[in-house]
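Inside the fold
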Amino acid sequence: MKKSNTDHLFTQAFRRLCESDFLLFMAVYLPLPVLPFEVARQWNLPLTSGCLLYVLFVVGMLAVGPFHAYLGDAYKRKHLLTYFLVVLSLSMLGYEYLDWSWWPTVAFAQGASFGLASTAAVTVSIDVTISSLRTQCNKAVACFSRAGMLVGALGGWLFWQEFGFFTLLHVAAAVGIVGSLVSSRIYLAFRAPIGLPLCSLDRFLLPGGWFLALNVFFLAFAPGVLLPFMPTGGIGAWVSAFLLLLALALLLAPFTVGFVDLSHHCQRGTANTTCQLSVEVGLTCGLATGVWLLSEGMSLADGWKVGGCALAVAILLRYTLTAYYFPKKRVR
(Lines give C-alpha, C1' and ligand atoms only; values in the text may rest on other atoms or scores of the structure.)
Protein backbone atom coordinates (compact mmCIF):
# COMPACT_ATOMS: atom_id res chain seq x y z
CA MET A 1 0.00 0.00 0.00
CA LYS A 2 1.36 3.41 -0.96
CA LYS A 3 1.78 6.26 1.47
CA SER A 4 0.01 9.45 0.41
CA ASN A 5 2.48 11.73 2.20
CA THR A 6 5.63 11.80 4.29
CA ASP A 7 7.23 14.18 6.74
CA HIS A 8 8.58 16.57 4.09
CA LEU A 9 6.77 18.91 1.72
CA PHE A 10 8.05 18.09 -1.76
CA THR A 11 6.92 14.50 -2.00
CA GLN A 12 6.52 12.94 -5.42
CA ALA A 13 2.77 13.60 -5.36
CA PHE A 14 3.21 17.23 -4.33
CA ARG A 15 5.90 17.85 -6.97
CA ARG A 16 3.59 16.52 -9.66
CA LEU A 17 0.77 18.68 -8.36
CA CYS A 18 2.96 21.80 -8.51
CA GLU A 19 4.07 20.93 -12.05
CA SER A 20 0.51 20.42 -13.26
CA ASP A 21 -0.62 23.64 -11.54
CA PHE A 22 2.18 25.58 -13.23
CA LEU A 23 1.14 24.15 -16.61
CA LEU A 24 -2.55 24.88 -15.91
CA PHE A 25 -1.94 28.59 -15.32
CA MET A 26 0.53 28.80 -18.17
CA ALA A 27 -2.01 27.26 -20.57
CA VAL A 28 -4.72 29.75 -19.54
CA TYR A 29 -2.58 32.87 -19.71
CA LEU A 30 -0.83 32.10 -23.00
CA PRO A 31 -3.80 33.18 -25.17
CA LEU A 32 -5.81 35.28 -22.68
CA PRO A 33 -4.09 38.70 -23.07
CA VAL A 34 -4.12 38.61 -26.89
CA LEU A 35 -7.79 37.67 -27.41
CA PRO A 36 -9.16 41.21 -28.06
CA PHE A 37 -6.39 41.88 -30.61
CA GLU A 38 -7.24 38.68 -32.43
CA VAL A 39 -10.94 39.61 -32.40
CA ALA A 40 -10.07 42.91 -34.08
CA ARG A 41 -7.75 41.23 -36.58
CA GLN A 42 -9.88 38.24 -37.57
CA TRP A 43 -13.38 39.66 -37.43
CA ASN A 44 -12.74 43.35 -38.08
CA LEU A 45 -14.52 44.34 -34.86
CA PRO A 46 -13.63 47.15 -32.44
CA LEU A 47 -10.87 46.22 -30.02
CA THR A 48 -13.26 46.62 -27.10
CA SER A 49 -15.49 43.85 -28.48
CA GLY A 50 -12.90 41.41 -27.22
CA CYS A 51 -13.58 42.59 -23.66
CA LEU A 52 -16.82 40.59 -23.84
CA LEU A 53 -14.62 37.48 -23.76
CA TYR A 54 -13.03 38.66 -20.52
CA VAL A 55 -16.44 39.25 -18.96
CA LEU A 56 -17.62 35.75 -19.87
CA PHE A 57 -14.34 34.19 -18.74
CA VAL A 58 -14.92 35.67 -15.27
CA VAL A 59 -18.62 34.75 -15.34
CA GLY A 60 -17.61 31.16 -16.13
CA MET A 61 -15.27 31.02 -13.14
CA LEU A 62 -17.93 32.44 -10.83
CA ALA A 63 -20.79 30.34 -12.20
CA VAL A 64 -19.14 27.02 -11.27
CA GLY A 65 -17.98 28.25 -7.85
CA PRO A 66 -21.00 27.03 -5.83
CA PHE A 67 -20.45 23.49 -7.17
CA HIS A 68 -16.78 23.16 -6.15
CA ALA A 69 -17.45 21.47 -2.81
CA TYR A 70 -20.03 19.02 -4.16
CA LEU A 71 -17.85 17.93 -7.09
CA GLY A 72 -14.82 17.53 -4.85
CA ASP A 73 -16.87 15.35 -2.50
CA ALA A 74 -18.78 13.27 -5.07
CA TYR A 75 -15.91 12.57 -7.49
CA LYS A 76 -12.21 11.80 -7.26
CA ARG A 77 -10.41 15.12 -6.92
CA LYS A 78 -7.43 14.08 -8.99
CA HIS A 79 -9.80 13.19 -11.81
CA LEU A 80 -11.45 16.61 -11.59
CA LEU A 81 -8.07 18.28 -12.07
CA THR A 82 -7.07 15.94 -14.89
CA TYR A 83 -10.34 15.97 -16.83
CA PHE A 84 -10.98 19.70 -16.57
CA LEU A 85 -7.43 20.37 -17.76
CA VAL A 86 -8.35 18.37 -20.86
CA VAL A 87 -11.64 20.28 -21.22
CA LEU A 88 -9.76 23.56 -20.88
CA SER A 89 -7.27 22.55 -23.57
CA LEU A 90 -9.96 21.44 -26.01
CA SER A 91 -12.13 24.50 -25.35
CA MET A 92 -9.31 26.87 -26.33
CA LEU A 93 -9.13 25.23 -29.76
CA GLY A 94 -12.67 26.51 -30.30
CA TYR A 95 -11.17 29.92 -31.04
CA GLU A 96 -9.61 28.37 -34.15
CA TYR A 97 -12.46 26.24 -35.46
CA LEU A 98 -15.53 28.32 -34.55
CA ASP A 99 -16.66 31.71 -35.81
CA TRP A 100 -17.10 34.87 -33.72
CA SER A 101 -20.67 34.05 -32.66
CA TRP A 102 -19.28 31.07 -30.71
CA TRP A 103 -16.27 32.80 -29.15
CA PRO A 104 -18.21 34.10 -26.11
CA THR A 105 -19.33 30.51 -25.40
CA VAL A 106 -15.73 29.35 -25.70
CA ALA A 107 -14.61 32.04 -23.24
CA PHE A 108 -17.29 30.96 -20.76
CA ALA A 109 -16.22 27.31 -21.09
CA GLN A 110 -12.58 28.34 -20.67
CA GLY A 111 -13.35 30.23 -17.47
CA ALA A 112 -15.54 27.45 -16.06
CA SER A 113 -13.03 24.67 -16.73
CA PHE A 114 -10.19 26.81 -15.39
CA GLY A 115 -12.15 27.56 -12.21
CA LEU A 116 -12.92 23.88 -11.64
CA ALA A 117 -9.37 22.71 -12.41
CA SER A 118 -7.63 25.35 -10.28
CA THR A 119 -9.89 24.64 -7.29
CA ALA A 120 -9.31 20.90 -7.67
CA ALA A 121 -5.56 21.60 -7.71
CA VAL A 122 -5.80 23.46 -4.40
CA THR A 123 -7.78 20.61 -2.85
CA VAL A 124 -5.40 17.92 -4.12
CA SER A 125 -2.38 19.88 -2.84
CA ILE A 126 -3.90 19.89 0.65
CA ASP A 127 -4.85 16.21 0.43
CA VAL A 128 -1.28 15.09 -0.37
CA THR A 129 0.30 17.17 2.40
CA ILE A 130 0.42 16.41 6.12
CA SER A 131 -1.39 18.93 8.31
CA SER A 132 1.75 20.45 9.86
CA LEU A 133 3.08 21.46 6.42
CA ARG A 134 -0.09 22.75 4.79
CA THR A 135 0.70 26.44 5.20
CA GLN A 136 4.03 25.91 3.41
CA CYS A 137 2.11 23.86 0.86
CA ASN A 138 -0.29 26.75 0.20
CA LYS A 139 2.58 29.19 -0.28
CA ALA A 140 4.41 26.84 -2.64
CA VAL A 141 1.32 26.23 -4.77
CA ALA A 142 0.69 29.98 -4.97
CA CYS A 143 4.26 30.50 -6.21
CA PHE A 144 4.05 27.77 -8.85
CA SER A 145 0.67 28.94 -10.14
CA ARG A 146 1.82 32.56 -10.43
CA ALA A 147 5.05 31.48 -12.10
CA GLY A 148 2.85 29.78 -14.70
CA MET A 149 0.83 32.98 -15.02
CA LEU A 150 4.01 35.03 -15.51
CA VAL A 151 5.47 32.71 -18.16
CA GLY A 152 2.14 32.39 -19.95
CA ALA A 153 1.20 36.09 -19.97
CA LEU A 154 4.59 37.22 -21.29
CA GLY A 155 5.33 34.21 -23.48
CA GLY A 156 1.93 34.47 -25.14
CA TRP A 157 2.83 37.81 -26.69
CA LEU A 158 6.06 36.40 -28.11
CA PHE A 159 4.34 33.38 -29.65
CA TRP A 160 1.52 35.52 -31.02
CA GLN A 161 3.84 38.06 -32.64
CA GLU A 162 6.29 35.50 -34.02
CA PHE A 163 4.08 32.54 -34.97
CA GLY A 164 0.48 33.73 -35.01
CA PHE A 165 -2.65 33.06 -33.02
CA PHE A 166 -3.38 29.51 -34.14
CA THR A 167 0.12 28.31 -33.27
CA LEU A 168 -0.31 29.96 -29.88
CA LEU A 169 -3.57 28.09 -29.34
CA HIS A 170 -1.92 24.78 -30.21
CA VAL A 171 0.94 25.47 -27.80
CA ALA A 172 -1.51 26.40 -25.02
CA ALA A 173 -3.59 23.26 -25.65
CA ALA A 174 -0.45 21.10 -25.65
CA VAL A 175 0.70 22.65 -22.36
CA GLY A 176 -2.71 21.86 -20.83
CA ILE A 177 -2.64 18.27 -22.07
CA VAL A 178 0.85 17.76 -20.63
CA GLY A 179 -0.46 19.17 -17.34
CA SER A 180 -3.31 16.65 -17.37
CA LEU A 181 -0.87 13.79 -17.97
CA VAL A 182 1.26 14.93 -15.03
CA SER A 183 -1.77 15.27 -12.73
CA SER A 184 -3.03 11.80 -13.72
CA ARG A 185 0.12 10.33 -12.13
CA ILE A 186 -0.53 11.86 -8.70
CA TYR A 187 -1.21 9.21 -6.08
CA LEU A 188 -4.13 10.17 -3.87
CA ALA A 189 -5.43 7.89 -1.11
CA PHE A 190 -9.11 6.91 -1.13
CA ARG A 191 -11.43 9.32 0.63
CA ALA A 192 -15.04 8.43 1.41
CA PRO A 193 -17.64 11.08 0.43
CA ILE A 194 -19.43 12.84 3.27
CA GLY A 195 -22.53 13.98 1.38
CA LEU A 196 -22.27 17.73 0.75
CA PRO A 197 -25.09 19.84 -0.75
CA LEU A 198 -25.08 20.59 -4.47
CA CYS A 199 -24.42 24.33 -3.94
CA SER A 200 -22.46 26.03 -1.17
CA LEU A 201 -19.76 28.63 -0.54
CA ASP A 202 -17.35 25.91 0.58
CA ARG A 203 -14.17 25.91 -1.57
CA PHE A 204 -15.50 29.01 -3.34
CA LEU A 205 -15.75 32.18 -1.26
CA LEU A 206 -14.57 32.97 2.25
CA PRO A 207 -17.10 35.53 3.59
CA GLY A 208 -14.76 36.85 6.29
CA GLY A 209 -12.02 37.58 3.76
CA TRP A 210 -13.78 40.16 1.58
CA PHE A 211 -11.49 43.04 2.61
CA LEU A 212 -8.36 41.01 1.84
CA ALA A 213 -9.90 39.92 -1.48
CA LEU A 214 -10.49 43.59 -2.35
CA ASN A 215 -6.85 44.31 -1.54
CA VAL A 216 -5.64 41.49 -3.81
CA PHE A 217 -8.02 42.58 -6.57
CA PHE A 218 -6.39 46.01 -6.88
CA LEU A 219 -2.92 44.50 -6.56
CA ALA A 220 -3.65 42.23 -9.54
CA PHE A 221 -5.48 44.95 -11.48
CA ALA A 222 -2.29 46.99 -12.00
CA PRO A 223 -0.27 44.51 -14.11
CA GLY A 224 -3.44 43.59 -15.99
CA VAL A 225 -3.79 47.18 -17.21
CA LEU A 226 -0.25 47.23 -18.62
CA LEU A 227 -0.33 43.87 -20.44
CA PRO A 228 -2.34 45.12 -23.48
CA PHE A 229 0.29 47.80 -24.14
CA MET A 230 3.02 45.25 -24.80
CA PRO A 231 2.61 45.09 -28.62
CA THR A 232 2.91 48.88 -28.97
CA GLY A 233 4.63 50.09 -25.81
CA GLY A 234 8.15 48.88 -26.61
CA ILE A 235 10.64 47.61 -24.07
CA GLY A 236 9.12 49.87 -21.40
CA ALA A 237 5.83 47.97 -21.53
CA TRP A 238 7.59 44.61 -21.34
CA VAL A 239 9.72 45.61 -18.35
CA SER A 240 6.76 47.23 -16.58
CA ALA A 241 4.48 44.23 -17.05
CA PHE A 242 7.23 41.79 -16.02
CA LEU A 243 8.09 43.68 -12.82
CA LEU A 244 4.47 44.08 -11.74
CA LEU A 245 3.62 40.44 -12.48
CA LEU A 246 6.75 39.34 -10.60
CA ALA A 247 5.80 41.55 -7.64
CA LEU A 248 2.30 40.06 -7.70
CA ALA A 249 3.72 36.52 -7.73
CA LEU A 250 6.01 37.25 -4.79
CA LEU A 251 3.36 39.02 -2.71
CA LEU A 252 0.74 36.32 -3.14
CA ALA A 253 2.49 33.87 -0.82
CA PRO A 254 2.02 36.08 2.27
CA PHE A 255 -1.47 37.08 1.11
CA THR A 256 -2.36 33.40 0.82
CA VAL A 257 -1.26 32.88 4.42
CA GLY A 258 -3.44 35.85 5.36
CA PHE A 259 -6.50 34.22 3.81
CA VAL A 260 -5.70 30.96 5.61
CA ASP A 261 -5.43 32.82 8.93
CA LEU A 262 -8.97 34.11 8.35
CA SER A 263 -10.33 30.59 7.84
CA HIS A 264 -11.44 27.91 10.26
CA HIS A 265 -10.03 24.39 10.33
CA CYS A 266 -12.04 23.02 7.40
CA GLN A 267 -11.89 26.21 5.30
CA ARG A 268 -8.27 26.13 4.11
CA GLY A 269 -9.31 25.20 0.57
CA THR A 270 -11.95 27.94 0.57
CA ALA A 271 -9.36 30.48 1.67
CA ASN A 272 -6.96 29.52 -1.12
CA THR A 273 -9.67 29.53 -3.77
CA THR A 274 -10.87 32.97 -2.66
CA CYS A 275 -7.33 34.31 -3.00
CA GLN A 276 -6.96 32.77 -6.47
CA LEU A 277 -10.31 34.08 -7.60
CA SER A 278 -9.43 37.61 -6.44
CA VAL A 279 -6.28 37.54 -8.56
CA GLU A 280 -7.97 36.20 -11.70
CA VAL A 281 -10.82 38.71 -11.49
CA GLY A 282 -8.39 41.58 -10.81
CA LEU A 283 -6.08 40.65 -13.68
CA THR A 284 -8.96 40.14 -16.12
CA CYS A 285 -10.60 43.45 -15.18
CA GLY A 286 -7.21 45.10 -15.60
CA LEU A 287 -6.80 43.54 -19.05
CA ALA A 288 -10.23 44.82 -20.10
CA THR A 289 -9.38 48.31 -18.82
CA GLY A 290 -6.05 48.31 -20.65
CA VAL A 291 -7.76 47.28 -23.89
CA TRP A 292 -10.27 50.12 -23.46
CA LEU A 293 -7.45 52.63 -22.88
CA LEU A 294 -5.74 51.46 -26.07
CA SER A 295 -8.98 51.76 -28.04
CA GLU A 296 -9.23 55.37 -26.85
CA GLY A 297 -5.74 56.14 -28.17
CA MET A 298 -4.07 56.22 -24.75
CA SER A 299 -0.35 55.57 -24.33
CA LEU A 300 1.71 53.44 -21.96
CA ALA A 301 2.10 56.51 -19.73
CA ASP A 302 -1.68 56.65 -19.36
CA GLY A 303 -1.72 52.94 -18.57
CA TRP A 304 0.85 53.54 -15.86
CA LYS A 305 -1.34 56.28 -14.38
CA VAL A 306 -4.29 53.90 -14.09
CA GLY A 307 -2.12 51.03 -12.89
CA GLY A 308 -0.37 53.33 -10.43
CA CYS A 309 -3.72 54.43 -9.03
CA ALA A 310 -4.68 50.78 -8.55
CA LEU A 311 -1.39 50.14 -6.72
CA ALA A 312 -1.97 53.19 -4.55
CA VAL A 313 -5.45 51.91 -3.65
CA ALA A 314 -3.99 48.47 -2.84
CA ILE A 315 -1.36 50.02 -0.54
CA LEU A 316 -3.98 52.29 1.07
CA LEU A 317 -6.28 49.33 1.71
CA ARG A 318 -3.40 47.31 3.13
CA TYR A 319 -2.66 49.90 5.80
CA THR A 320 -6.25 50.99 6.53
CA LEU A 321 -9.10 48.54 5.88
CA THR A 322 -6.99 45.37 5.94
CA ALA A 323 -4.94 46.50 8.92
CA TYR A 324 -8.15 47.30 10.83
CA TYR A 325 -10.19 44.20 10.02
CA PHE A 326 -7.52 41.50 9.85
CA PRO A 327 -6.79 41.31 13.61
CA LYS A 328 -10.54 41.29 14.33
CA LYS A 329 -11.38 38.54 11.82
CA ARG A 330 -8.29 36.36 12.25
CA VAL A 331 -9.08 32.92 13.70
CA ARG A 332 -5.67 31.17 13.49
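1. Structural notes on helix H12 (residues 268-295)
In a regular helix each residue adds 1.5 Å, so 28 residues correspond to 40 Å; H12 covers 41 Å between its end C-alpha atoms and thus fits that length. Counting buried positions along H12 gives 23 out of 28 residues, so the element sits mostly inside the fold. Two residues or fewer after H12 comes glycine 297, characterised by a positive phi angle close to 80°.

2. Here's the deal with the nonpolar core
Tyr95, Phe165 and Leu227 are the most contacted members of the largest nonpolar core, which totals 100 residues. If you tally residues by element for this core, the top one is helix H1 (residues 12-29), at 11 residues. Each residue touching tyrosine 95, except ones within four places of it in the same chain, is listed here: Leu35, Leu53, Trp103, Val106, Ala107, Gln110, Phe165, Phe166 and Leu169.

3. Let's talk about the side chain of arginine 77
Along the chain, arginine 77 turns up in helix H5 (residues 77-92). A polar contact of 2.8 Å, which involves the side chain of arginine 77, links it to the side chain of aspartate 127. In this structure, arginine 77 is in contact with Gly72, Ala120, Thr123, Val124, Asp127, Leu188, Arg191 and Arg203, ignoring residues within four places of it in sequence.

4. Re the packing of aromatic side chains
A complete count under the given rule lists 20 aromatic pairs for this structure. Measuring from ring centre to ring centre gives 5.2 Å for phenylalanine 217 and phenylalanine 218, while their planes differ by 90°; the resulting arrangement is edge-to-face. A relative accessible area of 23% means that phenylalanine 218 is categorised as partly exposed. The rings of Trp43, Tyr95, Trp100, Trp103, Phe165 and Phe166 are connected pair by pair, giving a single aromatic cluster. In this structure, arginine 318 is placed above the aromatic ring of tyrosine 319, and the distance from its NZ or CZ to the ring centre is 5.0 Å.

5. Digging into the packing of H1 against helix H9 (residues 165-183)
The geometry of H1 relative to H9 is characterised by a closest axis approach of 8 Å and an angle of 160° between their N-to-C directions. One way to sum up the angle between H1 and H9 is to call them roughly antiparallel. Note that H1 runs across H9; the crossing there is left-handed. Taking contact as the criterion, the partners of Arg16, Glu19, Ser20, Leu23, Met26 and Ala27 in H1 are, on H9, Ala172, Val175, Gly176, Val178, Gly179, Val182 and Ser183. Here the contact of H1 with H9 is composed, by residue class, of seven nonpolar, four polar and two charged.

6. Brief notes about the pattern of salt bridges
As enumerated under the stated definition, the model contains seven salt bridges in all. The residue glutamate 280 makes a salt bridge to arginine 146 at a minimum N-O spacing of 2.5 Å. Separated by 134 residues along the polypeptide, glutamate 280 in helix H12 and arginine 146 in helix H8 (residues 134-163) bring together distant segments of the chain. Residue glutamate 280 is classed as buried on the basis of its relative accessible area, which comes to 2%. Notably, a salt bridge pairs aspartate 302 with lysine 305, separated by 3.9 Å at the nearest N-O pair. Taken together, the residues aspartate 302 and lysine 305, both in helix H13 (residues 300-319) and three residues apart, mark about one turn of the helix. Looking at lysine 305, the relative accessible area reads 55%, which means it is exposed.

Analysis parameters
Residues numbered from 1 in each chain as written. Predicted model: local features only at pLDDT ≥ 70, side-chain atom pairs only at ≥ 80, totals over all residues. Heavy atoms only, no water. Helix = DSSP H or I, 4+ residues; strand = E, 2+ residues; numbered from the N terminus. Expected span 1.5 Å × (residues − 1). Buried < 20%, exposed > 50% of the residue type's maximum accessible area, 1.4 Å probe, protein only. Core = buried A, V, L, I, M, F, W, Y, C linked by side-chain atoms within 4.5 Å. Contact = heavy atoms within 4.5 Å. Polar contact = N/O pair within 3.5 Å; in protein donor to acceptor, adjacent residues only side chain to side chain. Phe/Tyr/Trp six-rings, centres within 6.5 Å; stacked < 30°, edge-to-face > 60°. Lys NZ or Arg CZ within 6 Å of the ring centre and 35° of its normal. Axes fitted to C-alpha atoms, helices over the stretch in contact; angles between N-to-C directions. Parallel < 35°, antiparallel > 145°, perpendicular 65-115°, else oblique. Left-handed = near helix turned anticlockwise from the far one by under 90°. Nonpolar A, V, L, I, M, F, W, Y, C, P; charged D, E, K, R; others polar. Salt bridge = Lys/Arg side-chain N within 4 Å of Asp/Glu carboxyl O.

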